[in-house]
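Per-entry structural report
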Amino acid sequence: MKRSRVVQVGAVVAISALVTTACSGDEVTADCVLAKPQPDGSYLVVDEHRCSGDSHGAYVYVYGGGRSSTVVRGGTTVRPKDARIVTRKGTVVQRGGFGRGGKGGGG
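Residues numbered from 1 in each chain as written. Predicted model: local features only at pLDDT ≥ 70, side-chain atom pairs only at ≥ 80, totals over all residues. Heavy atoms only, no water.

1. So, the sheet that holds strand β7 (residues 92-94)
- With mixed pairing, four strands are arranged side by side in an open sheet as β3-β1-β6-β7. Looking at the sheet topology across the chains shown, the edges are occupied by β3 (59-63) and β7. The mean inter-strand angle of the sheet, taken between neighbouring strand axes irrespective of direction, is 40°.
- Relative to β7, strand β6 (residues 84-87) runs antiparallel, the two being bridged by two bridges. Following the sheet pairing, I85 is matched in β7 by Q94. (Pairing = 2+ DSSP bridges. Helix = DSSP H or I, 4+ residues; strand = E, 2+ residues; numbered from the N terminus. Axes fitted to C-alpha atoms, helices over the stretch in contact; angles between N-to-C directions.)

2. Quick word on the environment of R50
- Along the chain, the position of R50 falls in the loop between β2 (43-44) and β3.
- The spacing of R50 and Y61 is eleven residues in sequence and 9.8 Å in space, taken between C-alpha atoms.
- Looking at R50, its side chain comes within polar contact range of the side chain of Y59, at 3.2 Å. (Polar contact = N/O pair within 3.5 Å; in protein donor to acceptor, adjacent residues only side chain to side chain.)

3. Considerations on the confidence of the model for the chain
- Per-residue pLDDT for the chain averages 78, and the proportion of residues at 70 or more is 64%.
- Low pLDDT (under 50) marks residues 98-106, which in the prediction has 16 contacts with non-local residues, meaning those over four places away or in another chain. (pLDDT = per-residue confidence, 0-100. Contact = heavy atoms within 4.5 Å.)

4. Description of the state of the cysteines
- Scanning the model with the defined rule gives one disulfide in all.
- Paired by a disulfide, C32 and C51 hold their sulfur atoms 2.1 Å apart. Residues C32 and C51 are joined by a disulfide whose S-S torsion is about 95°; by sign, that bridge is right-handed. Taken together, the residues span a long stretch of sequence, with C32 in strand β1 (residues 27-34) and C51 in the loop between β2 and β3 at a distance of 19 residues. Exposure class is identical for C32 and C51. Each is buried. (Disulfide = S-S within 2.5 Å. Buried < 20%, exposed > 50% of the residue type's maximum accessible area, 1.4 Å probe, protein only.)

As structure tokens, this is what we get:
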């Protein structure tokens, strides 16, 4: 029961983040993490260079999560389409938003 509740809460947070991003066209922060979440639903942060290139799915970005030291909670692994996505080091992962041109790669 406890695990399903964490999944439900995580899904609500992810959907809320996507709706907020889609409506606002704001900037979203991305953190590079191990793709497999921890039992509590958080993700372990790794150096962002691991998310570029061919990581074979071992590393992913979490968008819009809250970071505390080496852990990210909340957010989503689904890339927001209408947002400018920037890592904490300032690397632009994706450009875009309502009425803006350009789409970046990476991720």
